[in-house]
Amino acid sequence: MKKAYRSYLSLVAIAVLTALVLAACGGSDDPTATPRPTATPVPDAPAAQPTPTSVPSAPGEPTATPVPGAPAPAPTATPTSAPPPPTATPLPSFDAEAHFKGKTVRILVGFNPGGGTDTQARFLAAKWGQYIPGNPRIVISNLTPSLAANNFLFQSEPNGLILNYNATAPIQSSTDPNAIFKASDFEVIGAPVARNAVWMINGQDLPYNDITDAMGASGPTLIAAGSAPTPQELVGVGDLGNFLLADWLNLPYEFKLVASTGTEQELLMIERGDTNNFTAGSVWYQLPQRRPGWISSGFIKPFAGLAGPGGLIVGNAEVEEFTASYARDLITDEQKDIWDGLMAPEMFVGKNLLAPPDTPLDIVNTLRKAWDDALADPEFRADFERILGQPIEIQQSGAELQEIFAQVEDAFLRNIGQLREVQEGVYDKFTR
Amino acid sequence: MSELLEGLSYLGNGAYWAAFGVAVFMAVFVGLLPGVSATLVMALSISFIVLNIEDPLIGIVMLATLTGVDNTLDSIPAVLLGQPGGATQVTFLEGNQLARRGLAAHTLGAVYAVSAMGGLVGALALAIVIPVIKPFILAFGFPEIASMALFGVAMVAALSSGAMVKGLAAAAFGLLLGTIGIDPISAAHRYTFGSLHLWEGLPLIATTIGLFALPEMIDLTMTRRPVATHGAVVNNREVFRGVRYGLTKWNIAIRNGLFGVFLGAVPGIGGAVVDWLSYAMGIFFSKDKSEFGKGSLDGVLFAEAAQNSKEAGQAIPTLAFGVPGGRAWAFVIVAMLAYGITPGPPMLDRFADITIMMVFSLALGNLAVTVIGMFLTGQLAKLTLIPYPLIGAIIIPISFLSAYLSSTDLIAIFIIVSAALLGLLMKQYKWPRPPLLLGFILGRIIEFNFQSAISIHGMGGLLTRPLTIVLLVLAVAIAVTFSKMGKIGTAGTLSDEETMPVVRGASGDGPTVSADGAAAVSAKKRTLAITPASIFTLAIIGMAAWALLEAFSFPTRGRVFPVSLSLAVIILGSIQLVHDLRQGKTGAIMDIGMRSAGMEGVVKTALLIIGWVTFFVVLIFVIGLKYATMVFPIGPTLLFLEGRTRWIGLAVAVPFVVLFNLVVMDYVMAVIWAEPLIPFFSTR
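Residues numbered from 1 in each chain as written. Chains lettered and ligands numbered in written order. Predicted model: local features only at pLDDT ≥ 70, side-chain atom pairs only at ≥ 80, totals over all residues.

A. Quick look at the overall build of chain B. Counting its secondary structure elements, chain B contains 28 helices and 2 strands. Across the 684 residues of chain B, 65% fall into the buried class. Taking the contacts inside chain B whose residues are at least 6 apart along the sequence as the reference set, 84% of them involve residues at least 24 apart. (Helix = DSSP H or I, 4+ residues; strand = E, 2+ residues; numbered from the N terminus. Buried ≥ 20, exposed ≤ 12 C-beta atoms within 10 Å, placed from the backbone. Contact = placed C-beta atoms within 7 Å.)

Put into structure tokens, the structure is as follows:
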């Protein structure tokens, strides 16, 4: 037994030695994600004080009254001329080529392989590297849920070798107790699309042609379905925005709680007759391809446009123009304040590429330029739009988006208490 | 018609054949390499395919072929190495026991034949039903999917044969484990312990490996022997004998193949339950049920026929109206959208060339993979002749890596170890594990669909849906029939020994049987006594009681299932506890027994392996998973192999795991490694 004991100890010693040798041979050569020593939660950190950007009003937006505390306009129009003040520190004599050459850039994705966000990130991994000086290899690392990916990014070494491709701006999720980041602390590299949404109805079941037809109507009822938001989720686009409109505009509306797994299930539910309306962002543009004839036959009708101030929704392959009313045009100024506070964090950008906080300015600018250069390349742009399933909407640079991030977040965090009260009130009223 | 002819013209297109060849090669690779799934390979390759293959037909058909034919060879790790994947649990349960009897080559040969026939049935069904399938799929709403999942619960009655109370309690416990995560109906965080990585529930792969595979790997390592017995016939001839046997089972291929198509075509059923449901159906229709659970080749074939055909089934809603039938088929939709191809009616009209070539490629791909498998298996099956410590030295660390991939967090290590402990104790105290696993897989499907059904239709509305009622009645009838069928897999041991080379000197390659056998169950005087078995039962009751208390903090709709299931475990566990305290005996159960039991020096061997695994787990936290897995092979090879073999084993195992880490985990998957306690070993 003694002999066995000694042998065992020898084995352990061999194992430790082997580990040391292996680590020494292949260890810390990947500089992509060294965590920072401290990861302080920053929910109450003061927001940046940006200069408001001027964005032309969208059609249907004649009176974009400035609202105290409201977030910035949605960035769907032309770029603003004045570049914003830098948010990060420049490196002395920075050589971008040397910094990235032979390195691996890791893009985090907070979703499992196979979804839209993951596929788009993999497109970037395949095609975007050539626009970065030194043409680094880009790899995708799935780290779920997305909150974990943002937490990880927040703690990562700010060297430009680790980025996160988000589905939405991580502003609402930053209020989750598990979040250790503040969204506007991240460096925005770029974003291809906004997240304006279209509320669509079953035109064969419901007699309404537009949201205005249903205002004050006693029926038939709009029946929607979806998962319950967690207490931290002030879900904007799909559910809560509809609740608010139903409440403010006196729409006959009912929401049923189901274990929804996403767009396909929503389409299936409306086809089965479980529901008679749904709200979607990019699916509006993809619908003619996913469900050809649904819109042209009148089975599905656009009911309302859900967008922030200046948000613009255009037609798709089956309708030349988007003609439904913008919901924001139908509500009072006071309601707009709440609407913008709730909707803007979800809508002002959709997919977005972020770098860790405090990434040196030269590195951030290099990556932003690579983003802009890629989108300026017609071939890359066309391929990206193919993968996105919709046109690229956002024209602003990463630096400009950085400012808007801060404005939106600032307004959101200042009003979060009130927003939660509103949410709870309407949620209980319409949910079955 | 012209579109069909246009499609068939691709048979003369070199680019098509090149893409087809690559897809088949990747499917073979995915099947053979544990820890790599078709979903992952598709995720890695989809943007490359869409951007570099200009012809949509070739790109889409390539992806469809990859996902449609990867299920044939994934039975190899399950049978040969004792490592089940997400959809090969039945194959593992029955097939690995056959491999232990030296029948690996024969088993895999039969699996290939039936898988290929199942795949052909699927492809044919795909071609026939696409035009008419839509109303059928739309008829399956939330209530019908929940009812279909209840068929799986009926299966518990069969899997619990020999220990009905334990089986039912295990199933309820599995269903309870399925409630872990965020409840989408009430938004409650149920039993997540504040971990983000439990929001989507316990990861299936980590749980399955821990519960099922790790205990077997440890057990087999302890034997110091090969998986197969001496005298096992492992060569191509035996594979072809298996193929011939499989071909005689064409009726299983057709019946279970069609069932697989049906299950695959209903969105929401999920690929992980298909093999169980098909296995249940096979048992239901079998006259002789004595073999199931202890190494039944027909049992393997029931599952495998449906596994392959379900892919074609999943292609049906994908093509018919753009609803991905399964996770891998979501990639096909993404590719179709990127190519500008419209799912739905155009697939029978404008894009009929894609549909016909998809059908053709699925059929041909299944045959190609089968033929490759047949020729590879003669050699691969020789793995069962290698002393298992060498296999375990490689497979155990790779299992931990696979588990880690499911959450990219060290909580996966906690889950796999906890599940392994539970699995070992269940084996030790004769609690059948299959009902627990089935309950776990079915739990979320049943609860989510049932709750959604209540929301949409109301309780009263459910009872007005004829299809729901029919399915519910059928599920109940099957459960009753199974429970009345008596002892499935509990008889005929003697005839096994007569016909198959059974390992002798061990207490069981077949079902676990109590020391004095089921027949010794006696109602004679029994005194009450606290035994280790009763303590284990008490622990299960304790966990359920804690879950019950915790459940009262959930919102009303979020607590219905956890409360009901906790109570079920407590009640059934209490009945079992009384039985244990009275020292009642358990009959033969449907599970794999401990092969190392009764071996000379088993206690010392057990201490050695448990000590090494414990050291490994500690090492994971101290120096990180990457390096811990690299040093793990040192233990099993040096501790459990002898003479020159140990050094050869070491020379093979360590480089294999190192290369797997560097190439697959680091380079291909770009895994984010958790930080170790000692910063020197940081990989970041």
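Let's pick the thread back up.
B. Geometry of the sheet that holds strand S8 (residues 277–280) of chain A. Residue and element names in this part refer to chain A. Across the sheet, 3 strands lie side by side as S8-S5-S9; this open sheet has antiparallel pairing. Here the strands that pair on one side only, and so sit at the sheet edges, are S8 and strand S9 (300–306). The mean inter-strand angle of the sheet, taken between neighbouring strand axes irrespective of direction, is 25°. (Pairing = 2+ DSSP bridges. Axes fitted to C-alpha atoms, helices over the stretch in contact; angles between N-to-C directions.)

C. The arrangement of the sheet that holds strand S2 (residues 137–142) of chain A in detail. Residues and elements named next belong to chain A. Across the sheet, which stays open at both edges, the 5 strands sit in the order S2-S1-S3-S10-S4 with mixed pairing between neighbours. The sheet terminates laterally at S2 and strand S4 (187–190), the two strands that pair on one side only. Along the sheet, successive strands turn relative to each other by an average axial angle of 30°, direction set aside. Bridge analysis of strand S1 (residues 104–109) against S2 gives 6 bridges, and the strand direction is parallel. The partner of Val105 across the bridge, within S2, is Ile138. Lying over the sheet, helix H3 (residues 116–127) contacts S1, S2 and strand S3 (162–166), oriented at roughly 165° with respect to S2.

D. Molecular detail of the interface of chain A and chain B. Taken together, the contact between chain A and chain B spans 60 residues of the former and 59 residues of the latter. Looking at the side of chain A that touches chain B, the elements that each hand over two or more residues are helix H1 (2–26), H3, S2, helix H4 (146–155), strand S7 (253–257), helix H7 (263–272), helix H8 (283–290) and helix H11 (378–388) of chain A. When residues in the side of chain A that touches chain B are grouped by element, the largest group, 10 residues, is from H1(A).

E. Structural detail: the packing of helix H2 (residues 14–32) of chain B against helix H4 (residues 56–69) of chain B. Residues and elements named next belong to chain B. Packing of H2 against H4 brings their axes to within 9 Å, and their N-to-C directions diverge by 25°. Looking at the two axes, H2 sits roughly parallel to H4. The interaxial crossing formed by H2 with H4 has right-handed handedness. Listed contacts from H4 to Ala15, Tyr16, Ala19, Phe20, Val22, Ala23, Val24, Met26 and Ala27 of H2 are Ile58, Met62, Thr65, Leu66 and Val69. Taken together, the residues of the contact of H2 with H4 sort by class into 13 nonpolar, 1 polar and no charged. (Parallel < 35°, antiparallel > 145°, perpendicular 65-115°, else oblique. Left-handed = near helix turned anticlockwise from the far one by under 90°. Nonpolar A, V, L, I, M, F, W, Y, C, P; charged D, E, K, R; others polar.)

F. Examining the environment of A:Asp176 more closely. Residue and element names in this part refer to chain A. Tracing the backbone through its elements, the reader meets Asp176 in the loop between S3 and S4. Exposure remark for Asp176: the 19 C-beta atoms within 10 Å place this residue in the partly exposed category. Between the alpha carbons of Asp176 and Asp372 there is a distance of 32 Å; along the sequence they are 196 residues apart.

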